Structure formats: structure tokens, C-alpha cells
Amino acid sequence: MTYIARPRLHHPTLVRNKVGYTRRDYEGKISTLCAGCGHDSISAAIVQACWELDIEPHRVAKLSGIGCSSKTPDYFLGASHGFNTVHGRMPSVLTGANLANRDLLYLGVSGDGDSASIGLGQFAHAMRRGVRMVYIVENNGVYGLTKGQFSATADRGSKSKKGVVNADAPVDLIGMALQLGATYVARGFSGDKAQLVPLIEGAIGHGGAAFIDVISPCVAFNNHAGSTRSYDYVREHNDAVNRIDFIDLAPEVTAEPGAGEVITVPQPDGTMMRLRKLHTDYDPTDRVRAMDHVQAHQARGEIVTGLLYVDSHATDLHEGLNTVKRPLNALTEADLCPGAAALAKVNASLR
Amino acid sequence: MRPTDVDDPGYFHKVVDCQWACPAHTPVPEYIRLIAQGRYDDAYMVNWVSNVFPGVLGRTCDRPCEPACRRGRVEEQNTAKPEPVAICRLKRVAADFKGDDMRARLPRAPAKNGKRVACIGAGPASLTVARDLASQGYAVTVFDGEQKAGGFIRTQIPRFRLPESVIDEECGYILNLGVEFRGGQRVDSMSALLAEPWDAVFVGCGAPRGRDLDIPGRREAAADIHIGIDWLASVSFGHVSSVKKRVIVLGGGNTAMDCCRSARRLGADEVRVVVRSGYEEMKASPWEKEDAMHEGIPIINYHVPKAFLHENGTLTGMVFEIVKAVYDDQGRRSLVPTGEADVTIPCDEVLIAVGQENSFPWIERDCGIAFDRWGLPELDAKTFQSTVPKVFFGGDAAFGPKNIITAVAHGHEAAVSIDRFLHDEPIAKRPPPHVNLVSQKMGIHEWSYHNAVSNDLRSKVPWAAAQKALASIKVEVELGFDPVTALKEAERCLNCDVQTVFTEKQCIECDACVDICPMDCITFTDNGEEEDLRARLKAPATNAEQALYVSGPLKTSRIMVKDEDVCLHCGLCAERCPTGAWDMQKFLLQTTQAGPACRDGKPGTVRVVNAA
């Protein structure tokens, strides 16, 4: 951690976005995590994505559970709503909040302990229900706050800092999310913001349950030889299936890729997301093949990253429940007490 | 780009913008930190070693350091009026609050080494040579036409800007080193001097001739028309103690500013400064213009003097032609008449401050010293040696009128030349600076400097009440910072000498430094040519004057690029670095002065050592 506050001075060329904020306005308090923690890079990526998408900070609710990762919402979007839940219970609280006010952008930030151990059931049901949210797991494979025991996502055979070999099979959050019906599933790496920021932007624009598993090395307890979550290991075994080139078809900056290498995916708000394929045979709109591909590469010890699956016609919990279109706090007395005539109509329908 | 060679002392020196810009390369952040700690004596010594006249310069320096100061750049787009640290006035703080026992810390005159050096003129250049050499055992004799030492400092800077006690004190420190001062003894012949047994001669006689203005009426009204620098000297010595009611000062330099403010204090009701050029192009320092206007003196620009008006030899006014600035394709300016009717400004007295010239009537043209077509001595630009090997020049006498701090810098270099010359060492070979680079890490997040960046704006120096200040030419106008304000101002210093040093083999490319840097200085990217790199950093590096710090290839074959331009030196990159690839290291550069350190390894007397 750092003792001094981040100076408020900024680069003279720092620009404001459409809603009048600079990137620095999306920051939070100074991080108290260990120096070099991957989680801080993820926070920076969230800041960058929110700034680029012109999101008003007060229209964001960030929710988290317990753990190093769950501390991070304090370190970004300082002007947004925040809720630090009981360990592993972030998905339920987020679901409730979303039902109450469907207009906010929900950012669920969790870790491998919070989501794959104590909160595994919560995780599963939030995905099943298709809650519209950006669910980010900052996945480092260890319990950092309790000094580096293996977490539930640690690979079998990986070595702890003390040299102990992990004998348990890992919980595969990507596989589970795909299986349970998440409609936007991606994996990123904290050490590659060029890939991560567009993944987060795509998730923010998505119309259903968006899940991003971000490999985030723990520099204090899981960045040694033998670990499968170290910077070196992830860089050596990273196999990106695609790159989100740009969102909303903004003027292209890179050379036009060849035919068949690019697919466009519509976003719910009418904009388009363009994906540049790095594996020509990989189709991110085919859920079953996506599961197959990820599993096959995982078996070879490779870490598949990129946008693994997207359903551009996703629906969310509100559609399934046919809820009112407005947030509950916007409903007036007239909406909530429609009068005797309305009651009579309801009663009549039940006769 | 090739990896930056940080072993080259020039690289980090250039990052310390103030020190780089200072002709004498005073380690500015070093003494500002000492001021913040209340160690005024130590701060004074750092200055004294480097610039010889801290009290004088703390009031009168041209401050090339301040326009260079990084603080001015980092405040851009952050505050309404970006301003550098008040470096010059902090220097004065060190002089104002130092203890009484300063003399005890200064070097004592050592045993004489048997060599005799003559210094012509007792201005800042000569006195610097005298100090550097006398403290090394040379027998130095300083000649000056005036009774007291100081030269330009004493004769032309008005007392309301620089009290005489400060001049006496700081000239005294030098003369006390066993320097022989022959006041009132003007050297009239270089040939005669060269015939005497001097081992070396240093000419620091300044640029003593003020330019005149040969326009109609000049001769007829001569009694009411004065050359600015001569008039200032007369005021300084008390020969002139009053002026007439309406005064026009011609010229836009600092001398003009001193003239108009002096005239105001000697009883003139209406003082006007009239300049040919536009206000912005005036040579005077911005703060001197502001100070004059603050005292109610208007500056009238784009007026070219055409004639002096007089009645029977008594000046009655001046006629000016009105011009405008026109720029050609190359951006060269010319002043073109606008065609408007000439303007007459009534006045009773005129001070001409339109420039100074060198003048060496006492140097016989057959004594071996060659002069160029502008009347300046032919010198080696680095060694200051003339065409007579044992004669050296410095200060305004060398390359024309500049300023005090430049004269001091010349003095140091000339003293090195003389020291090497008299030890039979080649003087073209210059000694490298003394450089030190030390980690400031004290603990996990503790540094031996105060790395929190202050958000305070520049503090204003308090002034004496206008009524009191304008009543007498001897009342000092600026009062200097008090210790509390000095601390506040010192905290604005970014400690640019505490360098961000990057060790590429330690880096794991976790991006922690990139994420934390408040100024977006750091980028990890693929290598490229400088122009290409500058455009695709996290924040564009548009200030080509400022270097890019480039590492060798890292594990991912990318490189680290840091734009030095607006780095706050807050050390957050080093605090967030998990492996110590970034470290904050204090870079202290001291130019090598005359003495054993400047020579090729021959033992000798002890040099002036920085006590801090």
C-alpha cells in the first residue's frame, strides 16, 4: 500500500469525455493492496472503460463480497454507489438491487474465494437467472488475505510459494458460466489492458449476465515458478482467441483485417461490436463449441483468453419476470395504488 | 530508440530543469529541501559554493531557473495561472535567516602557493575568480576604480532592491579569504599590467558604456538627458539625489526598470517608460515590468524616439513616431510606422537606457589580445582564454552584457582554466562534474525526501507599504518570505533531482507504475523511432525539449518509456513497484571548481567543500 494520496495534478493533455469527466474523475481512493497486485490493474481497466463509454459515475452500482478483490471497488469509481456484502453473497444483493432499480449499471466484483468457494451457489444462480450485470472475478488462485493458501480455482499440480503441490481439482468458473447460461463470457489478464478494457466495455454494453474471469497474479503469494497464475506463466500460456477491435464501429485505426477474420456482433443499444478473430476456426457465438474449445485447451495447460462466448440476443431477469419497466423508486402512489377499478379487474381475472 | 544511458551525468542533470538552466548549475532542489527543514545555514552554503552571492542573487537574479521550473508545466491545465516555484526568493530566505556564525563555516585563507593573479574590476565575475583561487592558496589582487568592491552589483542596482549591507557582507566573505583589494585604483594600461610579474590576469571589467541616442536636440538639451547606467551609479553614490518632476525613461530592459523606479523615489511625479518594441518583447524580466507598473509607472510601447524638444537648452518634451510590429515569412520582426501623427510627450528629464556596450580603451591593441569586429575579445568559449595565454576574460567583458549569475558561472570556469594553466595542464580539457546518485529509500514506503506533492499556488512576496517604499530610495521594497511562507513555497518544489531510476531486469511488467502514475508518464510498448513513440504513449509527449527515458527490451520484448516532461517525482511508481525495478535516487551534481579536483590527479590544497 501507499501512504500518500495520489496527487490531484494531472497531465495537461487529459481530456474530458462526453459527460464532462476526465479519466481521473473515475478513480477512487488510493489502493491499500500490495504493490504490483494485478487487481489494481483491473481497477485501472474499469476506470478506463467507464471513461471511454461516457458513463456517469452516479449511474453505477458496484457490489462486492469479501477478499482482496472485493476491496477494490473502493479504489475506482469513487462517485458511484457501493455495497460491500457478506462473504460470497454479492450475487444475491446485486440481484435484489437490480430488481429494485433496473436503470443502474451493476458491477459485481468478486474473487476466486468469494465466488468459487463460499459463494459458489450464489454465483451459479445469478448466472442462471440472467441478471443484467458485469460480473468480474479477479482470479489469482490463492487466498491472499490469509497469506496464500490455494483457492478453489488453483490448478491441480500447481505449487504454492512454500512448495506444496495442489491435489484438488479446480473449479472452472468459465465452464460453469457457459453451462449455467451466462450470455457474455470472457477471460482476460490483468497484465494485458489492451485486451481487458474492450472486454469490460463489451460486458457493460451487454444486455444480460456478463461474466469476465480475469487472471490477476498475486505478487505476494502466487507469482513464483510452479504457479499457474504468475505473470510469466500466464504470458507463456496465454492463447487469445480474438480481440475486440472497437465498439460502436468508431473510425478504424488498425489495418482492415482480411475477410472472414472479423465478425460484427450487435449490442442491445443498437451499436455494433467488431471482433477480430485470432483463431479463424473459433466462433464465439456457438456456446457448445466454445465450451469444447476452452476445455480442450485447458487440458493442454493453455489459458484461453478473449471473448469466449456472446449471445447478442440475450434476455435478462426482468424480461423473464415481466417486471415493471421503471425502477421501483420512480413509481408514484398512482402507479402503486391504481384504485378500485384496477382491483376489481384483477379480482375478476381470478374468478 | 536506444536505451537511455543514465550513466551519462548529462541525462539526469537535464531532468533537474532548474539546475540545468542555471548558468552556475546551482543544485536548487537540494537547497530548497534544506530551507524546508529550517537548515538555512546549510542552504546558504550550498548556494555560496555554487553561486557565491546568495543574498544578492536572492534579490536580483535574472532567474533563468524559474521559466525552466517543472512546476510551471505541471500546473498547466491544473490551475488558472501556472507558476514556477519562487526559487529566487527562496534563495533570499536562506540568506535572510542564516545564523550569525556564517564566517566560521567559510574556508580560511590557506598557505600561499606562490602564484599571483590579478583581477581587473571587482564585479561578480572577478570576485568569483578571486574566491575560487584565493581559497586554493593563490595570491589574488583585485583592482577596481571604485572604493568598494561589487562592481555592477554596487553601482547599478538601486538600493531599494538590494541593500548595501548585503553587498558589503558577501563581498566581504571573499575579500576575507586573503584577497588583496585595491579600491580606487583603475587599471589604465594592459601593457603596463602585463609587464608586472602576474602569473595570470583575469579581466572582469563588465560592459561599462551605456548606449546613447543620437537624435535632434540631444546635444542642446544635454543637461537634462542622462545615460541610464551612469545616472544609476551617480544615484548609488549619492551624487544625484533629486530629479525633475516629469521624467521619461527610454528603453525596455531591466536597467530602464531600475531607472524609472529610482526616478519615482527621487521625487518625480510623472515617470513614463517609453519603448520602441511591444510590451511582450521588452527585454526586462516580466516581474520587473510588473513591479514598475505596480508603482504606478506606465509603459508606453511602439513609440520610436524622434527628437528632444527644448527651449534654450532646457528640455521640454520628446517627439515619438508610432510604429507597429510586422513579421515577414521567416518570422523576423520589423517596426513599421503606422502613419499616425507623431506624439509629443512633455518632460523635464530623460534617462536613456537602450543598452550597454563593451569598452576596453585601456587595453592597447598591440598588447597581443585580439578583438573581433564587435570590439569583443577573441576568446575560447569554454576556457575564457584570450589570445594572450595568461589573460582570461569573464562576465559582461567576455561576450557582452548578460547578468550576474552568468558572470559567476564565467568566473568559476575561468578560475578552473587559470588553476590548470598554472599547473601546466591543458586547459581545453575540462574537469567532469562531481556526481552522486543515491537511493532515497528508507523503508517500504518511506523516502528520505517529502514525496507528497503540494497543491499550493505560488506565494507572493510581501512588499513594504507603497507610501514608505516610494518615500526613500534606500527602503527595500520586497520584504522577503517569512519562515512559514518559505516552508509553504519550498513544499511546492517537486524534488526533480530525486530521479526515477528504472532497472529493466527487475521488471515483471505488472503495470502497477502505469496505473498509479498521476501524470500518465509511463508506458510499456513496442519500440520505435522517437517521433513515433512520442505520439503513441499513454499521454502524448509533445515537449520535445524533454527527454524520453527508454529501457532495453523487457521479457515481453516491449520497452518501458517514461516521458520526463511533467513527472511529479512523487515516487508513486517506486512505491507501487513490487520488485524494486523503480527506485527514487537523489542525483546531486556539483560542477568542479578550481582546486585539486579540477586537475589531473596532482595533490594540492583542499578545495571548497560543500558542508551540507
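The following paragraphs examine the structure supplied in this document. All figures in this text were calculated on a predicted structure; none of them were measured in a lab.

1. What to know about the overall build of chain B
Reasoning step 1: Regarding its fold elements, chain B presents 23 helices and 24 strands.
Reasoning step 2: Its C-alpha atoms give chain B a radius of gyration of 26 Å, near enough to 25 Å, the size a compact globule of 612 residues would have.
Reasoning step 3: Seen along its three principal axes, the alpha-carbon backbone of chain B occupies a region of about 85 × 65 × 50 Å.
Reasoning step 4: Looking at chain B as a whole, 58% of its 612 residues are labelled buried.
Reasoning step 5: Long-range contacts, defined here as pairs at least 24 residues apart, represent 71% of the contacts in chain B between residues at least 6 apart.
Reasoning step 6: Of the roughly 24,500 Å² of accessible surface on chain B, 51% is carried by carbon and sulfur atoms.
Reasoning step 7: One way to put it: in chain B the 72 positive side-chain charges average out to a point 3 Å from where the 84 negative ones average out.

2. A look at the overall build of chain A
Reasoning step 1: Per the secondary structure count, chain A includes 12 helices and 13 strands.
Reasoning step 2: Rg of the C-alpha trace for chain A: 21 Å, near the compact-globule value of 20 Å for 351 residues, within the 12% margin.
Reasoning step 3: Overall size of chain A, expressed as C-alpha extent along the three principal axes, is 70 × 50 × 45 Å.
Reasoning step 4: Within chain A, buried positions represent 53% of all 351 residues.
Reasoning step 5: For chain A, restricting intrachain contacts to residue pairs at least 6 apart in sequence, the fraction spanning at least 24 positions comes to 70%.
Reasoning step 6: Surface accessibility of chain A: about 15,200 Å² in total, with carbon and sulfur atoms responsible for 54%.
Reasoning step 7: For chain A, the centre of its 35 positive side-chain charges and the centre of its 36 negative side-chain charges are spaced 6 Å apart.

3. Remarks on empty space enclosed by the protein
All names here are of chain B.
Reasoning step 1: The tally for this structure, following the rule as stated, stands at eight cavities of 30 Å³ or more.
Reasoning step 2: The space that makes up the largest cavity amounts to roughly 150 Å³.
Reasoning step 3: Lining the largest cavity are 16 residues; nearest its centre among them are Arg59, Arg89, Arg161, Asp291 and Glu478.
Reasoning step 4: Among the secondary structure elements, those contributing two or more residues to the lining of the largest cavity are helix H5 (54-60), helix H8 (87-97) and helix H16 (286-294).

4. Side note on the sheet that holds strand E7 (residues 246-250) of chain B
All names here are of chain B.
Reasoning step 1: Sheet architecture is open: five strands sit in the order E6-E14-E7-E8-E9, paired in parallel fashion. Looking at the sheet topology across the chains shown, the edges are occupied by strand E6 (225-227) and strand E9 (299-300).
Reasoning step 2: Summarising the sheet, strand E8 (residues 270-274) and E9 pair through two bridges and their orientation is parallel. Residue pairing across strands places Val274 opposite Ile300, the latter belonging to E9.
Reasoning step 3: Running over the sheet, helix H14 (residues 228-236) touches E6 and strand E14 (349-352) and is turned about 90° from E6.

5. With respect to the side chain of Ser50 of chain B
Reasoning step 1: Mapped onto the elements, Ser50 of chain B comes out in helix H4 (residues 40-51).
Reasoning step 2: The residues contacting Ser50 of chain B, other than those within four sequence positions of it, are Ala24, His25, Thr26, Pro27, Val408, His412 and Gln593 of chain B.

6. Overview of the sheet that holds strand E4 (residues 200-203) of chain B
Residues and elements named next belong to chain B.
Reasoning step 1: The strand order E3-E2-E1-E4-E16 describes an open sheet built from five strands, whose pairing is parallel. For this open sheet the edge positions go to strand E3 (180-183) and strand E16 (391-393), each flanked by a neighbour on one side alone. Sheet twist, expressed as the mean angle between neighbouring strand axes with direction ignored, is 20°.
Reasoning step 2: Pairing analysis gives three bridges linking E4 to E16, with the strands arranged parallel. Within E16, the residue paired with Phe202 across the bridge is Phe392.
Reasoning step 3: In the packing of helix H10 (residues 124-134) onto the sheet, the strands contacted are strand E1 (116-120), strand E2 (139-144) and E4, and the crossing angle to E1 comes to about 165°.

7. Side note on the packing of aromatic side chains
All names here are of chain B.
Reasoning step 1: Counting across every chain of the model gives 19 aromatic pairs over all chains.
Reasoning step 2: A connected cluster of aromatic rings, assembled from ring pairs, spans Tyr11, Phe12, Phe502, Phe524, Tyr549, Trp582 and Phe587.
Reasoning step 3: The positively charged end of Arg131 is found above the aromatic ring belonging to Trp48, 4.4 Å away from the centroid.

8. Structural notes on helix H5 (residues 120-129) of chain A
Residue and element names in this part refer to chain A.
Reasoning step 1: Residues of H5 that are buried include every one of Phe123, Ala124, Ala126 and Met127, and no others. Taken around the axis of H5, the buried residues stretch over an arc of 165°, which confines them to a single face.
Reasoning step 2: A positive backbone phi angle near 70° is found at Gly130, which sits one or two residues after H5.

9. Some words on the interface of chain A and chain B
Reasoning step 1: Each side of the interface is counted separately: chain A has 30 residues, and chain B has 36 residues.
Reasoning step 2: Across the chain A to chain B interface the summed buried area is about 2,900 Å²; carbon plus sulfur atoms make up 53%.
Reasoning step 3: Linking chain A with chain B are 16 residue pairs in polar contact (both at pLDDT 80 or more), by the criterion used here.
Reasoning step 4: Secondary structure elements with two or more residues in the side of chain A that touches chain B: helix H1 (38-52) and helix H8 (231-237) of chain A.
Reasoning step 5: The residue inventory of the side of chain A that touches chain B, partitioned by class, reads 14 nonpolar, eight polar and eight charged.

10. Brief notes about H1 of chain A
Residues and elements named next belong to chain A.
Reasoning step 1: With 15 residues, H1 extends 21 Å between its outermost C-alpha atoms, agreeing within 8% with the 21 Å of an ideal straight helix rising 1.5 Å per residue.
Reasoning step 2: Counting buried positions along H1 gives 14 out of 15 residues, so the element sits mostly inside the fold.
Reasoning step 3: Backbone geometry just after H1 places Asp54 at a positive phi near 55°.

11. Some words on unusual backbone geometry
Residue and element names in this part refer to chain B.
Reasoning step 1: With a phi close to 70°, Val52 is a non-glycine residue in the positive phi region.
Reasoning step 2: Its place among the elements puts Val52 in the loop between H4 and H5.
Reasoning step 3: Phi is positive for Asn312, which is not a glycine, with a value near 55°.
Reasoning step 4: Structurally, Asn312 can be placed in the loop between strand E10 (303-311) and strand E11 (314-327).

12. A short note on the pattern of salt bridges
Residues and elements named next belong to chain B.
Reasoning step 1: Inspection of every chain in the model, using the stated rule, returns 65 salt bridges over all chains.
Reasoning step 2: Between Asp328 and Arg332 there is a salt bridge, and its shortest N-O distance comes to 3.2 Å.
Reasoning step 3: Assessed through its relative accessible area of 53%, Arg332 is described here as exposed.
Reasoning step 4: If you follow the salt bridges from partner to partner, you end up with Lys148, Arg154, Arg159, Glu164 and Asp168 in one network.

Rules used throughout
Residues numbered from 1 in each chain as written. Chains lettered and ligands numbered in written order. Predicted model: local features only at pLDDT ≥ 70, side-chain atom pairs only at ≥ 80, totals over all residues. Heavy atoms only, no water. Helix = DSSP H or I, 4+ residues; strand = E, 2+ residues; numbered from the N terminus. Rg over C-alpha atoms; globule rule 2.2 N^0.38 Å. Buried < 20%, exposed > 50% of the residue type's maximum accessible area, 1.4 Å probe, protein only. Contact = heavy atoms within 4.5 Å. Areas by Shrake-Rupley, 256 points an atom, 1.4 Å probe, with all protein chains shown as cover. Lys, Arg positive; Asp, Glu negative; His and termini not counted. Charge placed at Lys NZ, Arg CZ, Asp CG, Glu CD. 1 Å grid on protein atoms, 1.4 Å probe; cavity = no way out; pocket = protein on both sides within 12 Å on 5 of 7 lines; lining within 4 Å. Points joined across faces, edges and corners; volume = space filled by probe spheres on them. Pairing = 2+ DSSP bridges. Axes fitted to C-alpha atoms, helices over the stretch in contact; angles between N-to-C directions. Phe/Tyr/Trp six-rings, centres within 6.5 Å; stacked < 30°, edge-to-face > 60°. Lys NZ or Arg CZ within 6 Å of the ring centre and 35° of its normal. Arc of directions from axis to C-beta. Buried area = accessible area lost by both parts, 1.4 Å probe. Polar contact = N/O pair within 3.5 Å; in protein donor to acceptor, adjacent residues only side chain to side chain. Nonpolar A, V, L, I, M, F, W, Y, C, P; charged D, E, K, R; others polar. Expected span 1.5 Å × (residues − 1). Salt bridge = Lys/Arg side-chain N within 4 Å of Asp/Glu carboxyl O.

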